[in-house]
Amino acid sequence: MVDYCRMNNTNTTSAENAAIDINPIPYLTWTWLKINKDSVSYDFNLSEKQGIDVQLPEGIKVSSGKSIESQLSEPKFSIGDQAAKLISDTASEGKIYTIEKSADQPLIIRIKLDSNSATHQIIHAKAGISANIIIVYDGWLSSPEGVSKPQVLSGVITKVYAEDDTKLHISKVQLCGKTVNQIDDTAVVCGERAKVSLTQIELGASHIDAGFHATLEGYQSSFYSDTAYICQENQYLDMNQVVVHKGKKTVCDMKTHGTAKDESSKTYRGTIDMVKGCAGSVGNEIETTLLLSPKAVVKAAPIILCGEEDISAEHGSTIGKLSNEMLFYMNSRGIDQKTAEELLTNAKVTAAAATIEDEEIKNEILEYLNGK
């Protein structure tokens, strides 16, 4: 597949037409696998866009800035320091959500991507807080009939500081049109007994670099992720997911499920890093892809790094077609192969969407699936 935004590997720090490596794998593997990184070339002359706070519960303070005071260490980036700096530098002010009180309703942020934009968000949950944050991306450009639509670039950094004993559920829902290229990074650091869950749904856009980096710094902290996607037509989806266990008795559970069809491409990197000192920690990682086209390209690199002996970690990656047994079961109930494939494809997304605590956004996801 020829992708218009994958150029060469020459790096430059210029914001204009920057050619950079993005989503680097934490530890290099064989170069011929072509899975160590994604190389992109974009114009990083972006305008800041922080989106609209559709629902802002009481107890959340909103301010400008790109740094906070915290005893926690600085979150790391999955997209790489160079890409993070380019996005951060063009987001001149940044936005900070300080969660000081637990709320029954979620914080809902909606970002319409209709121009080149950079977003720099900080979510700072104070100790003992429970909160739900939902971020929705949508948007596309219209153009006269017969005129090609221009591409827009969205760069998003979301830094999450989860202080001791916090419980956070963060949902990111991407429903963009084909004119959007997106770089989206969620950088998380957890204090003692902090629990962060991340639901990520990738459905639209053209070229997507999405990932997260979670540092389980505090004792008995935990991180759970549920990622679902559909890759079709000429879409390119590149994922880099990293969880680093530092504190003792920390837990992570990473799930990624999706479908690749037509002439799309999907690359998955998932790393569980058990560093020395994280005794008693547990890590699990599972990634599955339903492959529905011989022209689709699917790559996966599930990795476990062990620097500590007293740990438990498992990982797995599965790529497969619709089984003959499943197809026979569907056919016996009057469901043809195409319909069966659509049902299973959508089921992976709707299962992840079920964890989102807003019915309107769930319905948007279903409408998007029906439209595709």
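Just above, that's the structure.
Keep in mind it's a predicted model, so treat the numbers as computed, not measured. Every chain begins its residue count from 1, and numbering advances along the sequence as written. This being a predicted model, a pLDDT of at least 70 is required before a residue's local features are given, and a value of 80 or more before pairs of side-chain atoms are given or counted; all residues contribute to the totals for chains, interfaces and linings. In computing side-chain properties, one takes all heavy atoms of the structure into account and sets aside hydrogens as well as water.

## Considerations on the overall build of the protein
Short version of the rule: A run of DSSP states H or I qualifies as a helix once it reaches four residues; a run of E qualifies as a strand once it reaches two. Both are numbered from the N-terminal end. As defined in this context, the radius of gyration uses C-alpha atoms, and a globule is described by 2.2 Å times the residue total to the power 0.38. The contact criterion used throughout is that any non-hydrogen atoms of two residues lie within 4.5 Å. Values of accessible area rely on a 1.4 Å probe in the Shrake-Rupley scheme; residue burial ignores everything except the protein chains shown. Counted charges follow a simple rule, with Lys and Arg positive, Asp and Glu negative, and His plus the chain ends left uncounted. Lys charges are placed at NZ, Arg charges at CZ, Asp charges at CG and Glu charges at CD.
The number of helices and strands found in the protein is four helices and 21 strands. For 372 residues, the compact-globule estimate of 2.2 N^0.38 gives 21 Å, and the C-alpha radius of gyration of the protein, at 20 Å, lies within 12% of that figure. Dimensions of the protein along its principal axes, counting C-alpha atoms only, are 55 × 50 × 45 Å. A sequence separation of at least 24 residues applies to 85% of the contacts in the protein between residues at least 6 apart. As presented, the protein carries roughly 16300 Å² of accessible surface, and 50% of it is formed by carbon and sulfur atoms. Each charge sign in the protein was given a centre, from 36 positive and 50 negative side chains, and these centres are 2 Å apart.

## Overview of helix α1 (residues 81–90)
Rules: Only protein chains enter the accessibility calculation, which uses a 1.4 Å probe; a residue is then buried when its area is under 20% of its type maximum, exposed when over 50%, and partly exposed in between.
Among the residues making up α1, those that are buried are Ala83, Ala84, Leu86, Ile87, Ser88 and Thr90. Considering only its buried residues, α1 is in contact with β1 (18–22), β3 (47–48), β8 (117–125), β10 (152–162) and β12 (180–190).

## So, the sheet that holds strand β11 (residues 167–176)
As a reminder, the rule being used: Strands are labelled as partners when DSSP assigns at least two bridges between them. Axis lines are fitted through C-alpha atoms, for helices just across the contact stretch, and the angle between N-to-C directions can take any value from 0 to 180 degrees.
Strand order across the open sheet formed by nine strands is β4-β7-β9-β11-β13-β15-β17-β19-β21, with mixed pairing between neighbours. Looking at which strands have only one partner, the edges of the open sheet turn out to be β4 (52–55) and β21 (311–320). On average, adjacent strands in this sheet sit at an angle of 10° to one another, irrespective of strand direction. Pairing geometry for strand β15 (residues 222–231) and strand β17 (residues 251–260), over 10 bridges, is parallel. When the bridges of β17 are listed, Ala228 appears paired with His257. Across the face of the sheet, helix α3 (residues 337–353) comes into contact with β13 (195–202), β15, β17 and β19 (281–291) while running at roughly 150° to β15. Packing of helix α4 (residues 359–371) onto the sheet brings it into contact with β7 (107–112), β9 (130–139), β11, β13 and β15, and relative to β11 it is tilted by some 30°.

## Focus: α3
Note the following rule: Expected helix span is computed as 1.5 Å times (number of residues minus one). Think of it this way: the bend at a residue is just the angle between two axes, each fitted to seven residues, one set ending at that residue and the other starting at it. In protein, a polar contact means a hydrogen-donor-capable atom and an acceptor-capable atom, both N or O and within 3.5 Å, with residues adjacent in sequence counting only if both atoms are side-chain atoms; elsewhere, any N or O pair within 3.5 Å suffices.
End to end, α3 covers 24 Å across 17 residues, agreeing with the expected 24 Å (1.5 Å per residue, within 8%). Of all bends in α3, the biggest is about 25°, found at Ala347. Of all the positions in α3, only Ala340, Glu341, Thr345, Val349, Ala352 and Ala353 are classed as buried. Buried residues along α3 sit in contact with β13, β15, β17, β19, α2 (324–331) and α4. Two to three positions downstream of the cap, the backbone nitrogen of Lys338 sits 3.4 Å from a side-chain oxygen, assigning the N-cap of α3 to Asp336.

## Some points on the side chain of Ser88
One can find Ser88 in helix α1. Ignoring anything within four residues of it in the chain, the contact list for Ser88 reads Lys66, His120 and Ile157.

## Quick notes on the nonpolar core
Our working definition: Side-chain atoms within 4.5 Å are what join buried Ala, Val, Leu, Ile, Met, Phe, Trp, Tyr and Cys residues into a set we call a nonpolar core.
Membership of the largest hydrophobic core comes to 45 residues, with the highest contact counts inside it found for Ile99, Ile133, Leu168, Val196, Phe223 and Val243. With five residues, strand β14 (residues 207–216) is the single largest residue contributor to this core.

## Focus: the environment of Gln235
You can see Gln235 is positioned in the loop between β15 and β16 (236–245). Between the C-alpha atoms of Gln235 and Asn331, which are 96 residues apart in sequence, the distance is 30 Å. Among the polar contacts listed, one links the side chain of Gln235 to the backbone nitrogen of Gln232, at a separation of 2.9 Å.

## Some thoughts on the packing of aromatic side chains
Our working definition: A pair of aromatic rings is counted whenever rings of Phe, Tyr or Trp (Trp by its six-membered ring) have centres within 6.5 Å, and the orientation is called stacked for planes under 30 degrees apart, edge-to-face for over 60 and tilted otherwise.
Following the criterion strictly, the structure yields two aromatic pairs and no others. Both rings, one in Tyr42 and one in Phe44, keep their centres 6.2 Å apart while their planes meet at 70°; by these two values the pair is edge-to-face. Pairing Phe212 with Phe223 gives two aromatic rings, centres 5.1 Å apart and planes at 50°, and the pair type is tilted. Taken together, the residues Phe212 in strand β14 and Phe223 in strand β15 connect sequence positions 11 residues apart. We note that Phe212, like Phe223, is buried.

## Brief notes about the packing of α3 against α4
The following threshold applies: The cut-offs work like this: below 35 degrees is roughly parallel, past 145 is roughly antiparallel, 65 to 115 is roughly perpendicular, and the gaps in between are oblique. Basically, the charged four are Asp, Glu, Lys and Arg, the nonpolar ten are Ala, Val, Leu, Ile, Met, Phe, Trp, Tyr, Cys and Pro, and anything else, Gly included, counts as polar.
Axis separation between α3 and α4 bottoms out at 10 Å; the angle between their running directions is 170°. With respect to α4, the element α3 is oriented roughly antiparallel. Of the residues in α4, those in contact with Asn346, Val349, Thr350 and Ala353 of α3 are Lys362, Ile365, Leu366 and Leu369. The residue inventory of the contact of α3 with α4, partitioned by class, reads five nonpolar, two polar and one charged.

## Side note on the packing of α2 against α3
Convention followed: Left-handed describes a crossing in which the near helix is turned anticlockwise from the far one by less than a right angle; the clockwise case is right-handed.
Between α2 and α3, whose axes approach to 10 Å, the crossing angle comes to 110°. Our classification of the angle between α2 and α3 gives roughly perpendicular. In this structure, α2 meets α3 at a crossing whose hand is right-handed. Where α2 approaches α3, its residues Met326, Leu327, Met330 and Asn331 are matched on the opposing element by Gln337, Ala340 and Leu344. Looking at side-chain class alone, the contact of α2 with α3 contains five nonpolar, two polar and no charged residues.

These figures come from the coordinates and say nothing about function on their own.
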